Amino acid sequence: MPDTLYSQYNANVQTAMTHQTLVYMGWYEAAVALYLVAAIVFAGYWFLRTREVLACAIAATVGGLGCQIVSLSLRAAYSHHVPWNDLYGSLSVVAAWAVILFLVFGARLSIWYAGPLVLGVTDALLAYAKGWNKGLEPLVPSLQSPWIFVHVPIVLAAYAAFLIGFATSVVYLLKHWDEERTLRVAGRSVGAAVAAETAALGRPAWLAWLDGVPSSARLDVVSYRVIAVGEILLTAGIILGGVWAHMAWGAYWQWDPKETAALASWAIYAAYLHLHTRPAWRGPRAAWFSIAGFASILFCYFGVNIWISGLHSYK
Amino acid sequence: MGIAGGEKAEAVSSAHASQASHAPRASHAPQPHPPWLEDILNLLSNVLFPVVVFLMWAAATTVGTIVDQNQPAQHYYDTYPLPVANLILRLHLDKVFHSVPYISLVVLLLVSMSVCTFRRVIPKRFPPDRRVMLDRFGLHAILPAADDPARAATRVAGVLRARGFTLRERFLEGETWFFGDKQKWARYGVLVAHLGFAVIAFGVFLGWLRGFSGQMVLYQGQTGGIAQAGMALRLDHFHALFQPVVTPSGTTYQAQKFESDVTIWGDGTTPRRAAILVNHPYVTQGGVYVYQASYAFAGNLRITRHGVPVGVPASHLNPQDAIFLPGTSRAIEYGLLLGPSDPSQTPPGVPLPKRDEYALWIFHDNIPTTNRPLLVPVGASVDVGDGYRLTALPPTPSTGLTYRYDPGQGWVALGCLILVAGFVMALFFVPVKVYARIVPAGDGCSVECAATTTKGNAIWEDDFGALAAELRRAVVPPAAQPPAAAAESQVNVYA
């Protein structure tokens, strides 16, 4: 018998690259390229604030998303199962979710200023995922469950929301730093107009785009809203995972490395939401908390999947 | 403003409290407890305290995640450098999740959460309906109205009601005041979420108190019992399905399905047959779940000496199992099974035999007698020496089953639902209290409006801007409306 029960029989094998693999990878690489273009155009939008530039950036983003959806759909059609059964597939879904949520939040909360960061990180994740593409492999028995259609996508959507929360928190810190610096400069100046000009002169030119970003107080609220969505998704994802574990492994909670790491991330974001109820903890502290939370998500995702063996070690 | 001195001070204080997101007033209330108890309760209900405990718990959990748990000491010396292994063992990092400090952190967290709930969440409410200085609110607007106060009041009430506010009208010192609430129920979201935790904790406790779980390995034809449930299972048949996977280093085989056909009796019903698969557990009437967890195909040999069977255990062989032949210095070491029964054991690149065969070593005086493993097809015999002979018999399949009875799982599920509902209430809805005051001024009047939320001002800034704009359209004469360009300039550049 194996050393432990609950064996996944997850071979994690690298399959031979077939023509079908090359086809879906072609669409995947088109998505990587288009997201890169979108990130660059969004960066351009920082400086050239026209509707045309924004439209181009959104078009490139939507184009990349379309290519990615085609790639995922082809992979699903070729393998006859969901495409998020390994690290490559799940990273691809995280990227797709990040882009979808960015477009939704962009439309609702006008967070286009976070575009270069969101799409830059997303593109980096997607490009990194290529190294983990193992081709088309059959689904292991433990993954042959309807729960794979809900648990995995919801958790990956939570990761994507936290990615956007990370991006808005970084923008927040930059904006906050700029506001504080402006206040300091204004305190030394005679008139407000002079102060503003002096402040602009004291700032690196490449940060001039910060003038067009909403106030730090509004950015703080945006981060809070995005993270609240992520936390609810993560909560639902963990609970659904528990239900699946109950059906597959005989226990809804086993302190598996992925479970405990996800719980730790959940706790960090829960702490963020609790602290956000205190005025003193809104702002820079909350933003740093959000960044720490995203670091924990990265550990939960990559650290556990790649370096730590457990029931969720799908590579 | 017409607010008397003493009342003014109170009103300002109230306004400041509102701007500070309704900081709890427990600290200002008379202290019913002894000072030392009050100090402890203040510490436990300080938001920073559970956050620090949370972080300590997260750090401990991370350590428990990274370091393999509950392994023998040698495992750590094999896995880590000597100083790290020593550190792990001396600090008991190999048993994090069941250690007293870890459980203490969880208990401390639950206690702190309970105290916070009773001292911060439950008392948290909007300020009472009374005169306050509206210009001290973070969100406020003053609108000059053309109408007389009565007509302006009607219009203000109409706008607020249309926006979903539950309104209360008061006449205070000759002025008309409106106090309105929206999504007030959402204040209880935090309480509901924490109640969910309590229900989950109760379910977990119930499962720990009255539940049981275990695992068993059954070879085909073997019977095993679950004493706590008074039931037994017999593995009638086990079959597995494999799928070839082409890899750069050759074809390998991956399990696609494995299924245990069992007969179950003693669970209050007549004996019944059942198929147990991964993700498809068998559930007894008493709520005991039986799960398919793992499988194996064990080696099966018959050992004879001079044609007479020898009573050495040679069935149910796992890799590296050794059979010492009595009266000799010879031994057989079982390697693995190659063949269609369990092709996943065949290394990639090795052609899969059409019939099952065993790879094994024969040792004499601890020295292998061949320079490569012997391949013995099922049905074949091999002379081992000193009169011994082994015959390969078909492999014996076995199944690994786990079972579990958890009377608390329904409570845990209920707690999870409550938790999610509380989260949605607390995070997606903003309880808002709005104030409007009609101040007579000459022939007309002015309308002062302010709002506060339990989540700060910034989260409702846009909505308040929209509300103020609508009130302005309703009560301010068109001539006094700000030009469209000015209004547009107030819109954020990214909006």
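Residues numbered from 1 in each chain as written. Chains lettered and ligands numbered in written order. Predicted model: local features only at pLDDT ≥ 70, side-chain atom pairs only at ≥ 80, totals over all residues. Heavy atoms only, no water.

Peer 1: What is the right way to look at the overall build of chain B in this model?
Peer 2: For chain B, the helix and strand inventory stands at eleven helices and 22 strands. Across chain B, contacts joining residues at least 24 apart in sequence account for 61% of those joining residues at least 6 apart. For chain B, the accessible area works out to roughly 24,100 Å², and carbon and sulfur atoms hold 60% of it. (Helix = DSSP H or I, 4+ residues; strand = E, 2+ residues; numbered from the N terminus. Contact = heavy atoms within 4.5 Å. Areas by Shrake-Rupley, 256 points an atom, 1.4 Å probe, with all protein chains shown as cover.)

Peer 1: How should I be thinking about the overall build of chain A in this particular structure?
Peer 2: Looking only at helices and strands, chain A has nine helices and zero strands in total. Accessible surface, chain A: about 11,700 Å² in total, of which carbon and sulfur atoms supply 71%.

Peer 1: For this particular structure, what's the right way to read the side chain of B:Arg437?
Peer 2: Note that B:Arg437 resides in strand 21 (residues 432-441). A polar contact of 2.7 Å, which involves the side chain of B:Arg437, links it to the side chain of B:Glu175. (Polar contact = N/O pair within 3.5 Å; in protein donor to acceptor, adjacent residues only side chain to side chain.)

Peer 1: Sorry, what's going on with the sheet that holds strand 8 (residues 272-277) of chain B here?
Peer 2: Hydrogen bonds between backbone atoms are what pair the strands of a sheet, whose relative direction is either parallel or antiparallel. Residue and element names in this part refer to chain B. Strands sit in the order 5-6-7-8 across an open sheet of four strands; the sheet is antiparallel. Each edge of the open sheet is held by one strand with a lone partner, namely strand 5 (223-226) and strand 8. The average angle at which neighbouring strand axes cross in this sheet is 35°, direction not considered. (Pairing = 2+ DSSP bridges. Axes fitted to C-alpha atoms, helices over the stretch in contact; angles between N-to-C directions.)

Peer 1: Quick question: what am I supposed to make of the domain arrangement of chain B here?
Peer 2: A common way to state how big an interface is: give the accessible area lost once the parts meet. The domain architecture assigned to chain B consists of domain 1 (33-122), domain 2 (126-183 + 430-493) and domain 3 (212-405). Inter-centroid distance (C-alpha atoms) of domain 2 of chain B to domain 3 of chain B is 78 Å. (Domains from an automatic or database assignment.)

Peer 1: Would you mind showing me how to read the sheet that holds strand 22 (residues 444-453) of chain B here?
Peer 2: Residues and elements named next belong to chain B. Overall, antiparallel pairing links the five strands, which are arranged 1-22-21-3-2 in an open sheet. Either end of the sheet is taken by a strand with one partner, and the two such strands are strand 1 (139-145) and strand 2 (166-172). Pairwise comparison of adjacent strand axes, ignoring direction, gives a mean angle of 15° for this sheet. Pairing of strand 2 with strand 3 (residues 175-182) involves seven bridges; the strand directions are antiparallel. Following the sheet pairing, Glu169 is matched in strand 3 by Phe178. Packed on one face of the sheet, helix 7 (residues 149-162) meets strand 1, strand 2, strand 3, strand 21 and strand 22 and runs near 165° to strand 21. Helix 10 (residues 461-475) rests against strand 1, strand 21 and strand 22 of the sheet, and its axis sits at about 10° to strand 1.

Peer 1: Would you take a moment to explain the interface of chain A and chain B for this structure?
Peer 2: Contact residues are listed per partner, giving 71 residues for chain A and 73 residues for chain B. Summed over both sides, the interface of chain A with chain B buries roughly 5,900 Å², with 67% coming from carbon and sulfur. Taken together, the connections running from chain A to chain B amount to two salt bridges. A salt bridge links B:Asp462 to A:Arg218, with the shortest nitrogen-to-oxygen separation between them at 2.6 Å. If you look at where chain A meets chain B, you find 14 residue pairs in polar contact (both at pLDDT 80 or more). Elements that contribute at least two residues to the side of chain A that touches chain B include exactly helix 1 (19-47), helix 7 (216-248), helix 8 (257-275) and helix 9 (284-307) of chain A. The dominant element in the side of chain A that touches chain B, judged by the number of residues it contributes, is helix 7 of chain A, at 15 residues. By residue class, the composition of the side of chain A that touches chain B is 50 nonpolar, 14 polar and seven charged. (Buried area = accessible area lost by both parts, 1.4 Å probe. Salt bridge = Lys/Arg side-chain N within 4 Å of Asp/Glu carboxyl O. Nonpolar A, V, L, I, M, F, W, Y, C, P; charged D, E, K, R; others polar.)

Peer 1: Whenever I open this one, the environment of B:Gly164 confuses me. Can you help?
Peer 2: Residues and elements named next belong to chain B. As for its placement among the helices and strands, Gly164 is situated in the loop between helix 7 and strand 2. Along the backbone, Gly164 and Val52 are 112 residues apart, and their C-alpha atoms lie at a distance of 39 Å. Ignoring sequence-local partners within four residues, the contact set of Gly164 consists of Asp181 and Lys182.

Peer 1: It is not clear to me how a nonpolar patch on the surface should be interpreted in this structure. Could you clarify?
Peer 2: All names here are of chain B. The grouping of Phe202, Phe205, Trp208, Leu209, Trp411 and Leu414 at the surface amounts to a nonpolar patch, some 670 Å² of accessible area in total. Elements represented by at least two residues in the nonpolar patch include exactly helix 8 (189-210) and helix 9 (409-428). Sort the elements by how many residues they give to the nonpolar patch and helix 8 lands first, with four residues. (Patch = residues over 30% accessible without salt bridge, like charges linked within 9 Å, V, L, I, M, F, W, Y side chains within 5 Å.)

Peer 1: Teacher, can you tell me more about the side chain of B:Thr396 here?
Peer 2: Residues and elements named next belong to chain B. If you trace the backbone, Thr396 turns up in strand 20 (residues 396-405). With a relative accessible area of 13%, Thr396 lands in the buried category. Residues within four places of Thr396 in sequence aside, it is in contact with Tyr219, Gln220, Ala296, Phe297, Ala298, Asn300 and His316. (Buried < 20%, exposed > 50% of the residue type's maximum accessible area, 1.4 Å probe, protein only.)

Peer 1: Can you walk me through the packing of aromatic side chains in this structure?
Peer 2: In this description, a pair of aromatic rings is defined by centroid distance and the angle of the planes. The full count for this structure, using the stated rule, is 34 aromatic pairs over all chains. Seen from their ring centres, A:Trp266 and B:Phe197 are 5.6 Å apart, and the 65° between their planes marks the pair as edge-to-face. With A:Trp266 in helix 8 and B:Phe197 in helix 8, this pair bridges two chains. Classification of B:Phe197 by relative accessible area gives partly exposed; the value is 23%. A connected cluster of aromatic rings, assembled from ring pairs, spans B:Phe238, B:Phe242, B:Phe258, B:Tyr295 and B:Phe297. Geometry around B:Phe165 places B:Lys182 over its ring, the cationic atom sitting 5.3 Å from the centre. Over the ring of A:Tyr252 we find B:Arg404, and its NZ or CZ is 5.8 Å from the ring centre. (Phe/Tyr/Trp six-rings, centres within 6.5 Å; stacked < 30°, edge-to-face > 60°. Lys NZ or Arg CZ within 6 Å of the ring centre and 35° of its normal.)

Peer 1: Whenever I open this one, the pairing of strand 1 of chain B confuses me. Can you help?
Peer 2: Remark: a regular strand shows side chains that alternate across the two faces of the sheet. All names here are of chain B. Alternating residues of strand 1 divide into Leu139, Ala141, Leu143 and Ala145, all buried, and His140, Ile142 and Pro144, none buried. Of the pairings in the sheet, the one linking strand 1 to strand 22 comprises seven bridges and is antiparallel in character. In the strand pairing of strand 22, Ile142 is matched with Glu448.

Peer 1: Hey, could you run me through the environment of B:His306 in this one?
Peer 2: All names here are of chain B. With respect to the secondary-structure elements, His306 resides in the loop between strand 11 (301-305) and strand 12 (308-309). Classification of His306 as exposed rests on a relative accessible area of 65%. For His306 and Phe242, which are 64 residues apart along the polypeptide, the C-alpha to C-alpha distance reads 40 Å. Each residue touching His306, except ones within four places of it in the same chain, is listed here: Asp386 and Gly387.

Peer 1: Got a minute to help me understand the packing of helix 1 of chain A against helix 2 (residues 51-79) of chain A in this structure?
Peer 2: Each pair of packed helices can be summarised by the angle the axes make with each other and by the distance between the axes. Residue and element names in this part refer to chain A. The geometry of helix 1 relative to helix 2 is characterised by a closest axis approach of 8 Å and an angle of 160° between their N-to-C directions. Judged on the interaxial angle alone, helix 2 and helix 1 are roughly antiparallel. With respect to the hand of their crossing, helix 1 and helix 2 are arranged in left-handed fashion. Along the lines of polarity and charge, the residues of the contact of helix 1 with helix 2 split into 24 nonpolar, seven polar and one charged. (Parallel < 35°, antiparallel > 145°, perpendicular 65-115°, else oblique. Left-handed = near helix turned anticlockwise from the far one by under 90°.)

Peer 1: In this structure, what is going on with the confidence of the model for chain B? I would like to understand it.
Peer 2: The predicted structure's coordinates, where accompanied by low pLDDT, should not be read in detail. Residue and element names in this part refer to chain B. A residue-level look at chain B finds 88% of positions with pLDDT of 70 or above and a mean pLDDT of 83. Across residues 1-28, where pLDDT falls below 50, the model places 58 contacts with residues more than four positions away in sequence or in other chains. Every residue in residues 485-495 scores below 50 in pLDDT, and together they form 14 contacts with partners more than four places removed in sequence or on other chains. Interface confidence for the predicted complex, given as ipTM, is 0.82, next to a pTM of 0.80. (pLDDT = per-residue confidence, 0-100.)

Peer 1: What exactly am I supposed to notice about the pattern of salt bridges here?
Peer 2: Close approach of charged atoms lets side chains of opposite charge pair. Scanning the entire structure with this criterion turns up 21 salt bridges over all chains. Close ionic contact of A:Arg218 with B:Glu461 constitutes a salt bridge, the shortest N to O distance being 3.8 Å. You can see A:Arg218 sitting in helix 7 and its partner B:Glu461 sitting in helix 10, one on each of two chains. You can call A:Arg218 partly exposed: its relative accessible area is 22%. Overall, B:Glu461 belongs to the partly exposed group, its relative accessible area being 32%. A single salt-bridge network, built from bridges that share partners, covers B:Asp129, B:Arg168, B:Arg170, B:Asp181, B:Lys184 and B:Lys433.

Peer 1: Sorry, what's going on with helix 9 of chain B here?
Peer 2: One turn of the α-helix equals 3.6 residues, which is why residues spaced by three or four share an orientation. For helix 9 of chain B, built from 20 residues, the straight-helix expectation of 28 Å at 1.5 Å per residue is met to within 8% by its first-to-last C-alpha distance of 28 Å. Of the positions making up helix 9 of chain B, those classed as buried are B:Val412, B:Gly415, B:Cys416, B:Ile418, B:Leu419, B:Gly422, B:Phe423, B:Met425, B:Ala426 and B:Leu427. In this fold, the buried residues of helix 9 of chain B make contact with helix 7 and helix 8 of chain A together with helix 8 of chain B. (Expected span 1.5 Å × (residues − 1).)

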